[in-house]
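A look at the structure
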Amino acid sequence: MRPSFKIYFLILVSFYVGCSDSITVSEQDTAEILKILASDDLKGRHALSSEITKAEDFIAAHFQSYGLEYANDEADYFQSFRIKEVSILDSELLVNGNEIDESRYFGFFSQDDVFLSSTNTEIVYLEKGKNFRSVFNEMRSSKEDKLVIVDSEYDDIFGRYQSYYSQNNRIMEGEERGNILFLISDEQVNNFSAHITASSKFYELRNVVGIIKGKRTDEIVIFSAHHDHIGIRTSANADSIANGANDNASGVTAVIQLANYFSKQPQPERTLMFVTFTAEEMGGFGSRFFSKKQNPDDIVAMFNIEMIGKPAVSGPNTAWITGYDRSTFGEILSASTENSEYEFYADPYPNQGLFYRSDNAVLARLGVPAHSISTTPIDVDPDYHEVSDEYETIDISHLNNTITAIAKAAETIVSAKATPTRVDTTLVD
Ligand SMILES: [Zn+2]
C-alpha cells in the first residue's frame, strides 16, 4: 500500500524541516557579531589585556543562548590557565673566562634567580647547515638546562629570534621547562658561568569551550578559532587599536554562527565542540593548554578557522585548507561541496608554512586531522597585523557564504559518514 497523499505530504514536510538546507546562516547576525568583536571597545583583544574578557564573555553568552553544554569537567564555558611572564633584570655570562656582551645571547628562564655553569649544564652546538627553527624549538622545550652555541652562519635569524623573544619570555604554569641560553659564537666553549636575575608576573587566560553532545561521545569534531589579537600598536596616525576584524574576529564569528547552526539541527552522530582560543598571537598558549585537556585519539577532525573575511586569490566562493595533503580532510570537504557553488582547495602559499602557524598545529603534531581554513590573500593583504584590520574592510557576504559552506562541508564528518585519515606524525615538523 502506498502512503496516502496526506502522509506523504507530512513526510515531505518533516524531511524538509530536518534537512540541513532549510537552516540558513543569518548574514545580519554575522555582521552584528563581527562588529562587536572588532569594536574599539575591546582594544584589539590582546591576550594579557583586561578587555579580552569582554570578548570571552560575549562568546560564552552566545554559547549559552544556543543551549551548548560545558565541556568535560568544566564548571562553565571557560577553560582557564595561567602563564608566567619573565622579565630579565640583570644577566652576566662568562665564557672561557671572558665576559660576553649581552647583545650576543638571550634565553628562557623558569626561575627568578638562575645560575648555570659548565659543571651542571649541557653545552649543545648548533652547527652550520641545520634547520635553525626546528633545533631552536626542540631546545626551547627541553626540561634540562642547556647552553646552545649557535654558529655565526645563523646571524640574521638569531637576531630576529633574539629581538622577538627578549620581549616575549613567557611560559605556561605547570609546564616543566629548563633554563635555556642561546649564544652566538664560533668559539669552542671549555667552561662558562651565567647568572641571571629576573622578575615574574602571572596572568590568567581563558579559552571558551561549548559542546553539543552527539550520539557518540568519544568521537569529537572541533570547530575553532582564536579570539585574541595583537592589541594596541604604536602608530603614526591617530588610530592605535589593531581591531583584528579579519584576524580573527572573522573566525570567531564563524564558530559562534556554526554553534548556532548546529544547535538547531537534530542531535548529531558525533559530539561537536566549539572552541575559541586565547593567546594564539603570543605563541599558541590556548591551543596548547586545550590539547592537554583532551585525548587526541577522540578527536576525529578539527576545523580551525582563520581570517575568512576577505575573498581568496582564486575568487569568491573559495577557501583554502592548510596541510591539504596531510590527511583526507580536504578531500572530504571538497567532495561534500561538489554540487554547490563553493569550493575548497589546497593552501596556495606552501612556502609560508601555514599548517604550523595556527592553533591546529598542536593537535596535528599529535596525529589529529587538524587543519586551518582561510580565504585571505595573506602575502599581499595590506591590513594583516595592522591597525587598519577594521570591520569596514570585511566582505560580509563572502564571510557569511564561507560560514555556510563550512557548515555544509562538515556534514559528512558530523554525521560519521566520513572520517578523515590521521596526520602522519613522523612527517610533522
Ligand atoms: Zn594574527
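Residues numbered from 1 in each chain as written. Predicted model: local features only at pLDDT ≥ 70, side-chain atom pairs only at ≥ 80, totals over all residues. Heavy atoms only, no water.

What follows concerns the coordination of the zinc ion. At the metal site, the zinc ion is ligated by Asp 247 (OD), Glu 281 (OE), Glu 281 (OE) and His 385 (NE2), and these contacts range over 1.9 to 2.7 Å. Classification of the site at the zinc ion as irregular follows from its four donor atoms and the range of 53 to 147° in their angles at the metal. Read from N- to C-terminus, the donor residues coordinating the zinc ion fall into the pattern D-x33-E-x103-H. Within this pair, whereas Asp 247 is found in helix α6 (residues 245-263), its partner Glu 281 is found in the loop between β11 (270-277) and α7 (285-293), the two being separated by 34 residues in sequence. (Donors = N, O, S within 2.8 Å, 3.2 Å for Na, K, Ca; no water. Tetrahedral: all angles 85-135°; square planar, octahedral: opposite > 155°, others 65-115°. Helix = DSSP H or I, 4+ residues; strand = E, 2+ residues; numbered from the N terminus.)

In this structure the tally under the stated criterion is 18 salt bridges. Residues Arg 206 and Asp 57 are paired through a salt bridge, measuring 3.0 Å at the closest nitrogen-oxygen approach. Taken as a pair, Arg 206 in strand β9 (residues 192-212) and Asp 57 in helix α3 (residues 52-65) lie far apart in primary sequence, 149 residues in all. Judged by relative accessible area, Arg 206 falls into the buried class, the value being 16%. (Salt bridge = Lys/Arg side-chain N within 4 Å of Asp/Glu carboxyl O. Buried < 20%, exposed > 50% of the residue type's maximum accessible area, 1.4 Å probe, protein only.)

In this chain, Asp 247 is followed by Asn 248 through a cis amide linkage whose omega measures 5°. Along the chain, Asn 248 turns up in helix α6. One non-glycine residue with positive phi stands out, namely Asn 72, at about 40°. Here Asn 72 lies in the loop between α3 and β1 (78-95).

This paragraph deals with the side chain of Gln 257. On the secondary structure map, Gln 257 appears in helix α6. A residue is classified by how much of its surface remains accessible, and Gln 257, at 3% relative accessible area, is buried. Those residues within four positions of Gln 257 in sequence are excluded, and the remaining contacts are Val 25, Ser 26, Asp 29, Thr 30, Ile 33, Tyr 66 and Ile 403. (Contact = heavy atoms within 4.5 Å.)

A few words now on the pairing of β9. The pairing of β1 with β9 spans 17 bridges and is classified as antiparallel. From the neighbouring strand, Ile 88 faces β9, where its bridge partner is Ala 198. Where strand β4 (residues 113-117) lies against β9, five bridges are found, and the strand directions are antiparallel. Its bridge partner being in β9, Asp 113 is matched across the sheet by Thr 197. (Pairing = 2+ DSSP bridges.)

What follows is about helix α4 (residues 132-140). The set of residues buried in α4 consists of Phe 132, Val 135, Phe 136, Met 139 and Arg 140. Seen end-on, α4 carries its buried residues on one side only, within an arc spanning 130°. Against β3 (105-108), β5 (122-126), β6 (146-150), α5 (155-166), β7 (170-172) and β8 (180-184) lie the buried residues of α4. One side-chain oxygen at the N-terminal end of α4 lies 3.1 Å from the backbone nitrogen of Arg 133; it belongs to Asn 131. (Arc of directions from axis to C-beta. Polar contact = N/O pair within 3.5 Å; in protein donor to acceptor, adjacent residues only side chain to side chain.)

When the domains of the chain are assigned, the result is domain 1 (22-69 + 213-427) and domain 2 (84-202). Summed over both partners, the interface of domain 1 with domain 2 buries about 640 Å², with 54% contributed by carbon and sulfur atoms. Interface area lost by domain 1 to domain 2 is led by Met 282, Phe 285 and Arg 288, which between them contribute 56%. Taken together, the connections running from domain 1 to domain 2 amount to two salt bridges. With a shortest N-O distance of 2.9 Å, Lys 292 and Glu 175 are connected by a salt bridge. Where domain 1 touches domain 2, the interface holds two residue pairs in polar contact (both at pLDDT 80 or more). Here the residues of the side of domain 1 that touches domain 2 are counted per class, giving four nonpolar, no polar and three charged. (Domains from an automatic or database assignment. Buried area = accessible area lost by both parts, 1.4 Å probe. Nonpolar A, V, L, I, M, F, W, Y, C, P; charged D, E, K, R; others polar.)

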